[in-house]
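# Structural characterization, general
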Amino acid sequence: MEFAPKQDQSENTVSIPVGGPIQRTQYPYVTGTSVVAIKYKDGILMAADMGGSYGSTLRYKSVERIKPIGKHSLLGGSGEISDFQEILRYLDELILNDNMWDDGNSLGPKEVHSYLTRVMYNRRNKFDPLWNSLVLGGVKKGQKYLGMVTMIGVNFEDNHVATGFGNHLARPILRDEWHEDISFEDGVKLLEKCMRVLLYRDRSAVNKIQISKLTEEGATSFPPYSLKTYWGFSSFHNPTVGAEGSW
């Protein structure tokens, strides 16, 4: 009797982890909306609301989405909150490793922004993106820097940037009213105007905002506060009047 030789199937074996195959995040769960930032006379100003949306529900109302990074940078993030926390963990390790060199130098905003563009593009290429749009601003040796990067690695620098609905609703205002020597007070008023427009038109925005600034001396985050709003416009009373299918 002849026996068929035993085949070695080790090379063709696929190990499936306990609990099933590995899956990637397909949809963000708790998200934050727009971040708006500008250069001003002495440094960088950045604003964001403090809402965290669970789907279409405004579940959390005290989520900080602007964080100082090292000595010279300020980071704002919109999108998935847990992914933003993961990015902050990456940056903590980056700054710690840089500090351990103890060579008298420290990472500036341009280097941090470049690092973030590589991280986001790398994760995109793995089909496992971090679901965030990031704004990175800073000041080092008198040079102001402001840039952003999307979840697929698209990035640019400008004098004012915004994420989410801010790209459509806030940046036209900034193009009209921003100027290079804008003061701190006027810069805050301009950001408040942008955030008020977003509050009126973005369902995910909440009326609790936080503004942070960064100068050569370092970062300052101001306490959250509510914007003054006016809801007495006639179009708010019956927004569907005249619309087809309304009654």
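For the structure given in this document, a descriptive report is provided here. (Residues numbered from 1 in each chain as written. Predicted model: local features only at pLDDT ≥ 70, side-chain atom pairs only at ≥ 80, totals over all residues. Heavy atoms only, no water.)

### Observations concerning the layout of surface pockets
Within this model, the largest pocket holds a volume of roughly 520 Å³. Lining the largest pocket are 27 residues, and of these Thr31, Gly32, Thr33, Gly79 and Gly164 sit closest to its centre. Those elements that provide at least two residues to the lining of the largest pocket are strand S1 (30–32), strand S7 (73–80), strand S8 (132–140) and helix H3 (166–169). The dominant element in the lining of the largest pocket, judged by the number of residues it contributes, is S7, at 3 residues. (1 Å grid on protein atoms, 1.4 Å probe; cavity = no way out; pocket = protein on both sides within 12 Å on 5 of 7 lines; lining within 4 Å. Points joined across faces, edges and corners; volume = space filled by probe spheres on them. Helix = DSSP H or I, 4+ residues; strand = E, 2+ residues; numbered from the N terminus.)

### Here we look at the packing of aromatic side chains
A complete count under the given rule lists 4 aromatic pairs for this structure. With 4.9 Å between their ring centres and 85 degrees between their planes, tyrosine 200 and tryptophan 231 make a pair best called edge-to-face. Of this pair, tyrosine 200 sits in helix H5 (residues 184–201) while tryptophan 231 sits in the loop between strand S13 (218–221) and helix H6 (234–237), placing them 31 residues apart in sequence. What makes tryptophan 231 partly exposed here is its relative accessible area of 44%. Aromatic side chains tyrosine 230 and phenylalanine 233 sit 5.0 Å apart centroid to centroid with 85 degrees between the ring planes, which places their arrangement in the edge-to-face category. Above the face of the phenylalanine 184 ring, lysine 213 is positioned so that its terminal group lies 5.1 Å from the ring centre. (Phe/Tyr/Trp six-rings, centres within 6.5 Å; stacked < 30°, edge-to-face > 60°. Buried < 20%, exposed > 50% of the residue type's maximum accessible area, 1.4 Å probe, protein only. Lys NZ or Arg CZ within 6 Å of the ring centre and 35° of its normal.)

### A look at empty space enclosed by the protein
Tallying each qualifying case throughout the model produces 1 cavity of 30 Å³ or more. Each pocket or cavity is described by its volume, and for the largest cavity that value is around 60 Å³. The biggest single contributor to the lining of the largest cavity is H5, with 3 residues. Among the residues forming the lining of the largest cavity, the class breakdown is 7 nonpolar, 3 polar and 2 charged. (Nonpolar A, V, L, I, M, F, W, Y, C, P; charged D, E, K, R; others polar.)

### Points about the pairing of S13
Of the strand pairs in this sheet, strand S12 (residues 209–215) and S13 are connected by 4 bridges, and their pairing is antiparallel. Opposite lysine 213, over in S13, you have threonine 220 as the bridge partner. The turn joining S12 and S13, which pair antiparallel and follow one another in sequence, is formed by 2 residues. (Pairing = 2+ DSSP bridges.)

### Points about the packing of helix H1 (residues 81–100) against helix H2 (residues 109–125)
Contact pair H1 / H2: the axes reach a minimum separation of 12 Å and the direction vectors enclose 130 degrees. Our classification of the angle between H1 and H2 gives oblique. Once H1 is placed against H2, the crossing between them reads as right-handed. Contacts between H1 and H2 involve Ile87, Tyr90, Leu91 and Leu94 on the former and, on the latter, Val112, Tyr115, Leu116, Val119, Met120 and Arg123. Grouping the constituent residues of the contact of H1 with H2 by class yields 9 nonpolar, no polar and 1 charged. (Axes fitted to C-alpha atoms, helices over the stretch in contact; angles between N-to-C directions. Parallel < 35°, antiparallel > 145°, perpendicular 65-115°, else oblique. Left-handed = near helix turned anticlockwise from the far one by under 90°. Contact = heavy atoms within 4.5 Å.)

### Let's talk about the pattern of salt bridges
Taken as a whole and assessed by the stated rule, the structure comprises 7 salt bridges. The salt bridge partner of arginine 89 is glutamate 86, with a shortest N-O separation of 2.9 Å. Placement of the pair is arginine 89 and glutamate 86 together in helix H1, with a separation of 3 residues, close to one helical turn. Arginine 89 sits in the partly exposed class, given a relative accessible area of 39%. (Salt bridge = Lys/Arg side-chain N within 4 Å of Asp/Glu carboxyl O.)

### Brief notes about H2
Compared with an ideal rise of 1.5 Å per residue, which puts 17 residues at 24 Å, H2 spans 24 Å between its outermost C-alpha atoms and is within 8% of the ideal. Within H2 the residues assigned to the buried category are Pro109, Val112, His113, Leu116, Thr117, Val119, Met120 and Arg123. When H2 is viewed along its axis, its buried side chains cluster within an angular range of 165 degrees and face the same direction. Along its buried surface, H2 packs onto strand S6 (66–69), S7, H1, S8, strand S9 (143–149) and strand S10 (155–157). Positive backbone phi, approximately 55 degrees, marks phenylalanine 127, located one or two places after H2. (Expected span 1.5 Å × (residues − 1). Arc of directions from axis to C-beta.)

### Quick look at the nonpolar core
With 21 residues, the main nonpolar core has Val36, Leu45 and Met195 as its most contacted residues. Those elements that provide at least two residues to this core are strand S2 (35–40), strand S3 (43–49), helix H4 (171–177), H5 and S12. Among the elements that line this core, the one with the most residues is H5, at 7 residues. Excluding residues within four positions of it along the chain, methionine 195 makes contact with Val36, Ala47, Ala48, Asp49, Ile209 and Leu227. By size, the runner-up hydrophobic cluster in this structure holds 16 residues, among which are Ile69, Ile95, Leu116 and Leu130. (Core = buried A, V, L, I, M, F, W, Y, C linked by side-chain atoms within 4.5 Å.)

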